[in-house]
Structure formats: structure tokens, C-alpha cells
Amino acid sequence: MRIYNTLTQRKEDFIPIEEGKVRMYVCGPTVYNFIHVGNARPMIFFDTVRRYFEYKGYQVTYVTNFTDVDDRIIKKALEEGVDASEIAERYINEFRKDMEALNVREASIHPRATREIEGMIDMIAGLIDKGHAYEKNGTVYFRARSFKDYGKLSKKNIDDLESGARIAVDEEKEDPLDFVLWKPKKEGEPYWTSPWGNGRPGWHIECSVMSSKYLGEQIDIHGGGEDLIFPHHENEIAQSEAASGKPFARYWMHNAFLNIDNKKMSKSEGNFFTAREICEQYSPQALRFLMLNAHYRNPMNFSRELMDAARNSLDRIKNGVYRLEHLLGSRPGTDDEITPGESRLLEEANSHRVKFEEAMEDDFNTADAITAIFELVRLANTSCSEDSSSSFIRAVLDLITKLSDILGLKVRTEEEMVDADIEKLINERQEARKSRNFARADEIRELLLKKGILLEDTREGVRWKRV
Ligand code: AMP
Ligand code: ZN
């Protein structure tokens, strides 16, 4: 397996620290609001990385954090007149709902910064002992120049950085490059006691602490969006390596931005859609498909046209699968034997599986992996018919399902109804109502609800949405 490593700026063979195991850490969201579609990109992508490693037989420990103390959370709490922890709790719940809808699996461990303060204080104290950090009036700074490799991830020259950085008037840093590990309490803000007075940790230290606590001092993969390379990941490396004296993460993986009109989607710019609204307007699966239909290191320009196209493409797979399910559904239970012709076709099907794996193993090229699934669907559409053996149909269906599942795409109708099916039932319900068969109409409404489809009768007709 080859992975592009931001640290070495080339694709490298993946060699785990411990055979058969993958330890990975992905920086999670700051929970002060609903996540936007851009935030969903790393979550969907790294979930897919994890799924692929598991498919290959690795035991994966996947850690992603919640940043639940931060200026933005505190600001929102002050605006609403509630506790910061209430804001965090609320948006952790909303995040979980979004992830479940997007079929992003729960992390092995999902730590929260506010529950790891003790570990952060320990690491900061250790860094002070080693001369890598110093305290000034209740603020603890990391001494960037004390870490000789500072800049190695972002490829920034320390002197260039120096000349670009300015010390703000109220700062007491020794050097403009130094960054905060601990900051003193401000009026109305949450705080914890520490050897340097009451205060709270800086952002970067939390990830160094949580990854070493749950994954050990050395990890295989560290991921996040490319905006995190500098300063966040650069600072994580400095903290972790200065503390342990060992290389921190072997492979640094970064997804490119999701843009709108070629500008990074971001809360502060106001150019965003929440993942929730896009999931409601289309479907979570269409959004997941859209993300994976591009290479993770390519920027993606988000638009409604792309969402429409994603939904249509996903429906093509689902319709193919639906047809196979129906072909099988009309058969007696026993399997019949595969014919020699079918056996040749299965070899061809298998070659698409090989292409799928090759694509995934070439730095997780999910776009090419999806193309391989389409090839399989095409094969199914042209070669599976009423005359085919059920064993053959089943083998093709299983393969499409298995590969889709690695990408977290649900294509079976038992799992999720395709749009065409829903429309068909809605029409049937309209007919039933016209002929005053209200019992049947209600039955259909109930049936759809069980499948997660909510009907809404409006003046313009029946609308439906996935709930
Ligand atoms: P934040 O909550 O801002 O710390 O972001 C959480 C995750 O989303 C991080 O991995 C970011 O790098 C990532 N991210 C934020 N905005 C975008 C975007 N427009 N495109 C892709 N990833 C993003
Ligand atoms: Zn982080």
C-alpha cells in the first residue's frame, strides 16, 4: 500500500509500526456549531481509510478528538448565556447524528479535551523541565527554536517564519515563533487549576496528549485537513517529539479543501452549507459519494450541480443492485450451478475487484475505486438476466455490495430505498386515495416511514424526505 506522506512529500510504502496493526489519529471538530460540508470531508475520507485497512485485515485503532474548549465555544456560550460545556455537549450530539447519517463509524476512542487536562498539565510540566517551554505571568509558551526540526512538516524556513511573525504588544514571548501551551483564565471563561495558576490549555497540546495516551508515543498515521499542517500539526510534532525524543507519526495525511466558488468553505467566511442541510436536501449517501468521487488530495469545488450528479451516479449503482435483488427474489431458494460462460464473466468481475484494490492502494484513490464499481455494475446490467444462474447473480451482487461497503456506500435496497422505489409507492398511495382506499394509503405511508421516509402532503403535491 502506498500513501502520500506530507512529511516526505512523496508516496511511500505503508509499513506499520507493529505488524497487522494501524494506529491512527485524526483531528476532530471544534464543537461550537453544526459542522459544514467541508468539515465532513476529512471525516468521510479517513473513515474510508480505516475501512480499507480493516478490509485488508489490519486491526485499526482509530482515535479522533472533540475540541470542546476553545474561544469560539466560549463566545457562543456568552452569546446564549449558557455554560460552555452545554454548547459543547449540544454540538457533540449533533456531530454524532451527522456522522451516523453519513455512515462514518464511531471512532475506537473519542476523547474530549476537557477530560484530558491532567495529561496536558503533565506534558507541559515535562516540556518545561526539559527546557522546551517556559512560563511568563501565567502563560506557558513552547520554545520553538529549542526543537531543531521545527518547520519540517510545513517545509517552512524558521528564519522566514521569524521575519513574518510579529509579537503582539501584550505578549511576553521570548521569540515570535513560540506558541501557547497554557493560558491564564479570563473573566467568565472556564478554567482549571495548574502549577501556573488557573487557566486552560492551548489548542495544539490536546492532540499531542490524546494521541500519546490512547495510541502510544509513536503512531502510524496522523490525519486532518491541509489547513492544519501549519501551525497545528507542526506544533504537535514539536511538542510530542520534544517530550518523547522519538519520531511522532510516520505518515502525515492531509485532505485538500472543499471550496465554494474556488474559495475554502469556512464558517468565518460565511460561505458554507451545513452537512445537515445538504443531507436533508439530497441524502447523506449522495454527499458521501460526492466526497469519495474525487481524490482526497484534490481540491473540490462544491455545488448543487455536483450534488445532483452525485445522486444520479449513486442511483445508477443502486438501480443495478436493485435489479439483481429482484432477479434473485423471483427465484426458488436453491442455488444452481454457474455455467462456464458465467465463470469467465466472474473472472472479469474479479479483475474489477483487483482494480478497485489497486486504486485504493495507490494513496486511496477512491475516485478510481468507484470507477471499478461502475464497471461491475455495467457487467451486471449486460450479463445478469432471467436466464442467469442464481449463483452467478449472487456472486456479482455480493461483490458490488462488498466493495461499496468498503467505501461506506449503502447500495442494497434492504438498507435504503432508491428514489425510484419511493416515487413508485407514492404514486400507488395517490391512486389509493383517489379511489378512496384510505386503509391502503395509510399502509403505504407506514411502510415508507419504517424505511425512514417521511411523507408530507402539501398543496403542490406529496413531498418526501429521509429521516
Ligand atoms: P475545525 O472544526 O475547523 O477545526 O475543522 C475540523 C476538520 O475539518 C479539520 O480537519 C479541518 O482541516 C477540516 N476542514 C475545515 N474546513 C475544511 C474545508 N473547507 N475543506 C476540507 N476540510 C476542511
Ligand atoms: Zn489536532
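About the cut-offs
- Residues numbered from 1 in each chain as written.
- Chains lettered and ligands numbered in written order.
- Predicted model: local features only at pLDDT ≥ 70, side-chain atom pairs only at ≥ 80, totals over all residues.
- Heavy atoms only, no water.
- Buried < 20%, exposed > 50% of the residue type's maximum accessible area, 1.4 Å probe, protein only.
- Helix = DSSP H or I, 4+ residues; strand = E, 2+ residues; numbered from the N terminus.
- Pairing = 2+ DSSP bridges.
- Right-handed = clockwise from strand over helix to strand, strands pointing away.
- Polar contact = N/O pair within 3.5 Å; in protein donor to acceptor, adjacent residues only side chain to side chain.
- Near = heavy atom within 4 Å.
- Areas by Shrake-Rupley, 256 points an atom, 1.4 Å probe, with all protein chains shown as cover.
- Nonpolar A, V, L, I, M, F, W, Y, C, P; charged D, E, K, R; others polar.
- Domains from an automatic or database assignment.
- Buried area = accessible area lost by both parts, 1.4 Å probe.
- Salt bridge = Lys/Arg side-chain N within 4 Å of Asp/Glu carboxyl O.
- Contact = heavy atoms within 4.5 Å.
- Expected span 1.5 Å × (residues − 1).

(A) The pairing of strand E10 (residues 249–255), seen in detail. Counting buried positions along E10 yields six of seven residues, so the element is predominantly enclosed. Two strands pair when backbone bridges link them, and strand E9 (residues 219–225) and E10 are joined in this way by six bridges, in the parallel orientation. In the sheet register, Ile 221 faces E10, and the bridge partner there is Tyr 251. Traced from E9 through helix H7 (residues 229–244) to E10, the parallel crossover comes out right-handed.

(B) Quick look at the environment of Glu 325. With respect to the element layout, Glu 325 can be found in helix H10 (residues 304–329). The class of Glu 325 is buried, set by a relative accessible area of 11%. For Glu 325 and Arg 143, which are 182 residues apart along the polypeptide, the C-alpha to C-alpha distance reads 62 Å. One polar contact links Glu 325 to Arg 412, side chain to side chain, over a distance of 2.7 Å.

(C) Highlighting the site of ligand 1. Around ligand 1 there are 17 residues in total, and Gly 38, Gly 225, Asp 227, Leu 258 and Met 265 lie nearest to it. Within the contact set of ligand 1, an oxygen atom lies 2.4 Å away from a side-chain nitrogen or oxygen of Asp 227. Met 265 places a polar main-chain atom, nitrogen or oxygen, 2.9 Å from a nitrogen atom of ligand 1. Here ligand 1 loses 93% of its free accessible area of 490 Å² to cover by the protein chains. Those elements that place two or more of their residues in the shell around ligand 1 are helix H1 (37–55) and E9. Here the shell around ligand 1 takes three residues from H1, the largest share from any one element. In terms of residue class, the shell around ligand 1 is built from eight nonpolar, seven polar and two charged.

(D) Representation of the domain arrangement of the protein chain. By domain assignment, the protein chain separates into domain 1 (2–255), domain 2 (304–415) and domain 3 (419–466). One C-alpha centre belongs to domain 1, the other to domain 2, and the line joining them spans 39 Å. Of the roughly 1,400 Å² buried at the junction of domain 1 and domain 2 (both faces included), carbon and sulfur atoms supply 57%. Three residues, Thr 48, Tyr 52 and Tyr 55, lead the burial of domain 1 against domain 2; their summed loss comes to 42% of the area buried on that side. Salt-bridge contacts for Glu 361 lead to Lys 56; the nearest nitrogen and oxygen are separated by 2.9 Å. At the boundary of domain 1 and domain 2, one finds nine residue pairs in polar contact (both at pLDDT 80 or more). At the level of secondary structure, the elements contributing two or more residues to the side of domain 1 that touches domain 2 comprise strand E1 (2–5) and H1. When residues of the side of domain 1 that touches domain 2 are assigned to their parent elements, the largest contribution, seven residues, is made by H1. Taken together, the residues that form the side of domain 1 that touches domain 2 break down as eight nonpolar, two polar and four charged.

(E) The side chain of Glu 116, seen in detail. Position of Glu 116 among the secondary structure elements: in the loop between helix H3 (84–101) and helix H4 (117–129). In this structure the side chain of Glu 116 is engaged in a polar contact, spanning 3.0 Å, whose partner is the side chain of Lys 213. Residue contacts for Glu 116: discarding those within four places in its chain leaves Pro 111, Val 209, Met 210, Lys 213 and Tyr 214.

(F) Highlighting the sheet that holds strand E13 (residues 300–301). Taken together, the three strands give an open sheet; going across it, the order is E12-E11-E13, and neighbouring strands pair in mixed fashion. With partners counted over all chains shown, the strands left at the sheet margins are strand E12 (263–264) and E13, one partner each.

(G) Representation of H3 in the model. Along its 18 residues, H3 runs 26 Å from first to last C-alpha, staying within 8% of the 26 Å computed at 1.5 Å per residue. On its buried face, H3 sits against H1, helix H2 (71–80) and helix H8 (275–281). In the stretch just after H3, Asn 103 is the one whose phi turns positive, near 60°.

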